[in-house]
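Structural characterization, general
Listed below are the residues making up each chain.
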Amino acid sequence: LDMLLGFPLLEVLDFSDNQHLTGNISSLRAFKGTLNSLQISKCLSVRGNFMDLADFPRLNNLHLFDTPVTGDIRDIRANDFPA
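Residues numbered from 1 in each chain as written. Predicted model: local features only at pLDDT ≥ 70, side-chain atom pairs only at ≥ 80, totals over all residues. Heavy atoms only, no water.

Topic: the sheet that holds strand β1 (residues 12–16)
The three strands lie next to each other as β1-β3-β5, forming an open sheet whose pairing is parallel. The outermost strands of the open sheet, each flanked by one partner alone, are β1 and β5 (61–65). Shown here is a sheet whose adjacent strand axes are inclined to one another by a mean of 5°, direction ignored. Inspection of the sheet shows strand β3 (residues 37–41) paired to β5 by five bridges, in the parallel sense. (Pairing = 2+ DSSP bridges. Helix = DSSP H or I, 4+ residues; strand = E, 2+ residues; numbered from the N terminus. Axes fitted to C-alpha atoms, helices over the stretch in contact; angles between N-to-C directions.)

What follows is the structure in structure tokens.
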């Protein structure tokens with residue numbers, strides 16, 4: 001995921017069925033102000049906690065499926081995921 005840091009204006013990221021993608025979703029913090037849609041599915045080497053994205057003001061769509069990304073929905077508070 002670190003390879004994306006050269007593209008700071010990305011709004012939509014879709015990583016589906018990418019066995020070679022590695023990294024931690026905390027790397028996506030570089031897109032906090034622009035990212036509005038994120039899909040990570042069947043990327044078995046992407047790790048992290050989905051709550052690292054909780055303060056992204058424009059994130060309208062978050063789809064995590066079949067990844068080792070963790071997190072507990074009970075940790076979501078009223079001001080998290082403001083979009």
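Structural notes on the packing of aromatic side chains
A full pass over the atoms with the stated rule returns one aromatic pair. On the numbers, 6.2 Å between centres and 20° between planes, the contact of F50 with F81 is stacked. Placement of the pair is F50 in the loop between β4 (45–47) and β5 and F81 in the segment after β5, with a sequence separation of 31 residues. (Phe/Tyr/Trp six-rings, centres within 6.5 Å; stacked < 30°, edge-to-face > 60°.)

Focus on unusual backbone geometry
Positive phi, normally seen in glycine, also occurs at D17, with a value near 55°. Among the secondary structure elements, D17 is positioned in the loop between β1 and β2 (22–24). If you check the backbone angles, D66 has positive phi at about 55° while not being a glycine.

A few points about the side chain of N36
Residue position: N36 is located in the loop between β2 and β3. Contacts of N36, omitting those with residues within four sequence positions, involve E11, V12, R58, L59, N60 and N61. (Contact = heavy atoms within 4.5 Å.)

A short note on the side chain of T67
Tracing the sequence through the fold places T67 in the segment after β5. Judged by its relative accessible area of 18%, T67 is buried. For T67, the side chain forms a polar contact with the main-chain nitrogen of V69, separated by 3.2 Å. Setting aside residues up to four positions removed in sequence, T67 forms contacts with I40, S41, K42, C43 and V46. (Buried < 20%, exposed > 50% of the residue type's maximum accessible area, 1.4 Å probe, protein only. Polar contact = N/O pair within 3.5 Å; in protein donor to acceptor, adjacent residues only side chain to side chain.)

Remember that the coordinates give geometry; whether it matters functionally is a separate question.
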